[in-house]
Protein chains: 2
Amino acid sequence: MAEGFPEAEFRDRLERLQGHMGDLDALLLTSPADIFWITGFLTRFWESPARPWFVLVPRAGDPGAVIPSIGAALMGATWLRDVRTWDAPDPDDDGVSLLAEAVRELVPASGALGVPMGLETALRMPLADYERLREAIAPRAIQDGTQAIQRAREVKSDAEVDKIRGTCALAGRAFDAAPGFATPGRGLDAVFRDFQAALLREGADWVSYVAGAAGPAGYDDVIAPAGPQKLAAGDVLMLDTGAVRDGYFCDFDRNIAIGPVAPRVADVHRALWDVTENALEALRPGMTAADVHALMASGLEAGGCTPCPGRLGHGLGVTLTEWPSFTPKDQTVLRAGMVLTLEPSAFTEGGHFLTHEENIVLRAGGPELLSPRAPREMVQA
Amino acid sequence: MAEGFPEAEFRDRLERLQGHMGDLDALLLTSPADIFWITGFLTRFWESPARPWFVLVPRAGDPGAVIPSIGAALMGATWLRDVRTWDAPDPDDDGVSLLAEAVRELVPASGALGVPMGLETALRMPLADYERLREAIAPRAIQDGTQAIQRAREVKSDAEVDKIRGTCALAGRAFDAAPGFATPGRGLDAVFRDFQAALLREGADWVSYVAGAAGPAGYDDVIAPAGPQKLAAGDVLMLDTGAVRDGYFCDFDRNIAIGPVAPRVADVHRALWDVTENALEALRPGMTAADVHALMASGLEAGGCTPCPGRLGHGLGVTLTEWPSFTPKDQTVLRAGMVLTLEPSAFTEGGHFLTHEENIVLRAGGPELLSPRAPREMVQA
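Calculation criteria
Residues numbered from 1 in each chain as written. Chains lettered and ligands numbered in written order. Predicted model: local features only at pLDDT ≥ 70, side-chain atom pairs only at ≥ 80, totals over all residues. Heavy atoms only, no water. Core = buried A, V, L, I, M, F, W, Y, C linked by side-chain atoms within 4.5 Å. Buried < 20%, exposed > 50% of the residue type's maximum accessible area, 1.4 Å probe, protein only. Contact = heavy atoms within 4.5 Å. Pairing = 2+ DSSP bridges. Helix = DSSP H or I, 4+ residues; strand = E, 2+ residues; numbered from the N terminus. Axes fitted to C-alpha atoms, helices over the stretch in contact; angles between N-to-C directions. Least-squares fit on C-alpha atoms with pLDDT ≥ 70 in both. Salt bridge = Lys/Arg side-chain N within 4 Å of Asp/Glu carboxyl O. Parallel < 35°, antiparallel > 145°, perpendicular 65-115°, else oblique. Left-handed = near helix turned anticlockwise from the far one by under 90°. Nonpolar A, V, L, I, M, F, W, Y, C, P; charged D, E, K, R; others polar. Phe/Tyr/Trp six-rings, centres within 6.5 Å; stacked < 30°, edge-to-face > 60°. Lys NZ or Arg CZ within 6 Å of the ring centre and 35° of its normal.

**Remarks on the nonpolar core**
Counting 182 residues, the largest nonpolar core has Leu17 and Leu199 of chain A together with Leu17 and Leu199 of chain B as the members making the most contacts within it. Setting aside anything within four residues of it in sequence, one finds leucine 199 of chain B in contact with Leu170, Ala171, Ala174, Ala204, Val207, Val210, Thr241 and Ala243 of chain B. Formed by 48 residues, the second largest nonpolar core is a distinct cluster that contains Leu56, Leu99 and Met117 of chain A together with Val107 of chain B.

**Considering the sheet that holds strand 12 (residues 322–325) of chain B**
All names here are of chain B. Ordered by their spatial adjacency, five strands build an open sheet running 12-11-13-16-17, and the pairing between neighbours is antiparallel. The open sheet terminates on both sides in strands that have one partner only, identified here as strand 12 and strand 17 (366–369). Strand-to-strand, the axes of this sheet are offset by a mean angle of 35°, without reference to chain direction. This element, helix 6 (residues 146–154), spans strand 12 and strand 13 (339–342) of the sheet and lies at about 90° to strand 12.

**What about the relation of the copies chain B and chain A?**
With an RMSD of 0.0 Å, the fit of chain B onto chain A corresponds to turning through 180° and sliding 0.0 Å along the axis. The superposition operator between the copies reduces to a two-fold rotation axis. No C-alpha of chain B approaches the rotation axis more nearly than that of alanine 197 of chain B, which lies at 2.6 Å.

**Remarks on the pattern of salt bridges**
According to the stated counting rule, one finds 64 salt bridges over all chains in the structure shown. We note a salt bridge from aspartate 246 of chain A to lysine 163 of chain A, for which the minimum N-O separation is 2.8 Å. On the criterion of sequence distance, the pair formed by aspartate 246 of chain A in the loop between strand 8 (236–245) and strand 9 (248–249) and lysine 163 of chain A in helix 7 (residues 158–181) is long-range, its members being 83 residues apart. For lysine 163 of chain A, a relative accessible area of 15% puts it in the buried group. Salt-bridge contacts for arginine 363 of chain B lead to glutamate 368 of chain B; the nearest nitrogen and oxygen are separated by 2.9 Å. Note on arginine 363 of chain B: relative accessible area 27%, which makes it partly exposed. Shared partners join several salt bridges into a network, and the residues in it are Asp158, Asp162, Arg165, Arg363 and Glu368 of chain A.

**With respect to the packing of helix 4 (residues 96–106) of chain B against helix 5 (residues 127–137) of chain B**
All names here are of chain B. One can describe the packing of helix 4 onto helix 5 by two numbers: an axis separation of 9 Å at closest approach and a directional angle of 40°. By the angle between their directions, the pair helix 4 and helix 5 is classed as oblique. Classified by chirality, the crossing of helix 5 by helix 4 is right-handed. Packed against helix 4, whose contacting residues are Val96, Leu99, Ala100, Val103 and Arg104, the element helix 5 presents Asp129, Arg132, Leu133, Ala136 and Ile137 at the interface.

**What about the packing of helix 9 (residues 263–282) of chain A against helix 10 (residues 289–302) of chain A?**
Residue and element names in this part refer to chain A. Where helix 9 meets helix 10, the closest approach of the two axes is 9 Å, and the angle between their N-to-C directions is 140°. Crossing hand, helix 9 versus helix 10: right-handed. Contact residues: Ala271, Leu272, Val275, Asn278, Ala279 and Ala282 in helix 9; Leu295, Met296, Gly299 and Leu300 in helix 10. For the contact of helix 9 with helix 10, the class distribution of residues is eight nonpolar, two polar and no charged.

**So, the packing of aromatic side chains**
Residue and element names in this part refer to chain A. Under the criterion given, the structure shown has 28 aromatic pairs over all chains. Measuring from ring centre to ring centre gives 6.4 Å for phenylalanine 41 and tryptophan 46, while their planes differ by 85°; the resulting arrangement is edge-to-face. Across the pair, exposure class does not vary: phenylalanine 41 and tryptophan 46 are buried alike. Taken together, the ring pairs connect Phe5, Phe10, Phe36, Trp79 and Tyr248 into an aromatic cluster. The ring centre of phenylalanine 5 lies 4.6 Å from the NZ or CZ of arginine 13, which sits over that ring. Here the guanidinium or amino end of lysine 163 rests over the ring plane of phenylalanine 5, the centre of that ring lying 5.4 Å away.

Structure (structure tokens):
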């Protein structure tokens, strides 16, 4: 850290957000990502579940913050001018009356407050306090504000794309170092630690996500923490990371051959690479997320592979994953400026699989790679 | 990672939790911490906001999980036997009907489902899906389950205390290394990176929280990310960390003198150390959180210092911070087995302050230190 953005960047985001707010008189944001995106307020303090934080975005005019006083200095350094604080945590009234007052100022009695309620959202405040807020602002309605924040956030500015490109680049350098520490006989837990240290050394501010797995036929679990099991010759090791710099994530993986791997494993890796290459040519604004799933799934099948269930890629930005999801059901329309991951996964044998991931920004003419492209043949450690 | 716990440990936790459930027929848990605590399901995959995860704890009998299929293997490796999955994210029905069915099996039509709704809780699922769940399980009532989960979680088992002690020990070794990289002329961002790397080297699985600040009179913001500003002779540098090993956090800080510091700064550090020492003697089960606040605040005043507003310590365990909070309002009664931080903070001058933190487990006879005790005189880099 920490290079932020000029106020003009946030004013542009605000204008786009307000353009999506429809009949909502104000939008209540409570999540770290939403609040960072509109204010620039960046802190790891969210790791503490003790206190709620609120930002209100009016239909016209500038956003205001209603936050614990411990955040006054940091929020005061953002572009927000209306910052109200209380001494949290307060078991009697943890900001609710202060927030309700701010809502009543912005939303007429016959109006509506938007709160994100849809897929990929969660309200980061106690449910009982949400009910208290609802009563305190009655008869104002509360409506789903998911469309407003998601349509605005999903299109990244050039400044945001630059941030994500920078994070991808540093992760690429850390992956390049992996064959040096991912050697036969080393424990997966030691490899994870070295990989995180490499990400920090290459410029990550912090490492919010590292996952991976290893085995001779691929892996069957990509979310388990690393244990002491040792890498063995013939394993394929997958490392995946969501490192963070200036608040922006990368999210891509690499498969590394621990010595020569089984022919089937090498073949599946090539097939994953090929469908990614095809998607890098074929994606265009106007396609749906489901179209991208169909493109990659059919490509894998044509390449003799069985695609894994679940999504084959997703959005990316101020969180490790964002909507949309490349699944058969997601009808989100792709738009220029979306940052996305292409993440085809396919079975090898016996329930094991490989997954391969790259990060792109979608332009009018097609994808632009943000992650350094993996080689078609797995790198050998 | 990753050494877990034997099934007997979880059965003991379950028995304690069920003992606090009162009239609730089942308790719905959605947060990473609650789910890890009762199941042992540990993953960094929570970093992705895409999918909700559910665990249901019945009033009698074993818990069951209703989770995205990507977690089937990892949850299948825990002590839970009833693991139901769906292919998430699903925009049509993201686990709600599957969850509702499980609730209906456990909760009679006239019964009540508990959901944590109080201070320090948040529902980690889309609000619209929560409303759908509520309708799908009607006429069953939904009641606040905060007391059940918080009273059960706040008392740590010996096995949990051992985990936290281990994390504290590794952080202590990383702090010991800090004078080697926290030298005049180095940027705070570089110091933060080195500190995180040191924590990994000393055995952290990952580093969920690092904060800090530096200045000649202390600091006025302890939650901002590190910028490029360089350490200067005469600064006091504070580093604070919530490192994680086996899913358990430490949360303590150290103040490091970058060369000789101003006499007032050294005095305030001694005063903070002295009130901590006094608390290490005086705390007993049966005191309230407010009593501890009064003890430390009055001690600081007696030592010629003005205590900072906000809390002067809190709980600790499977999240960086847990209830209770050492504030004048928190009437939570301290119990043997609670793991707590003592975190007195006091002003130096001009709105700047110092904060000092240690981690303890409260025993029947008083506190037992979990963090290696800081020296009364600041370590000099």
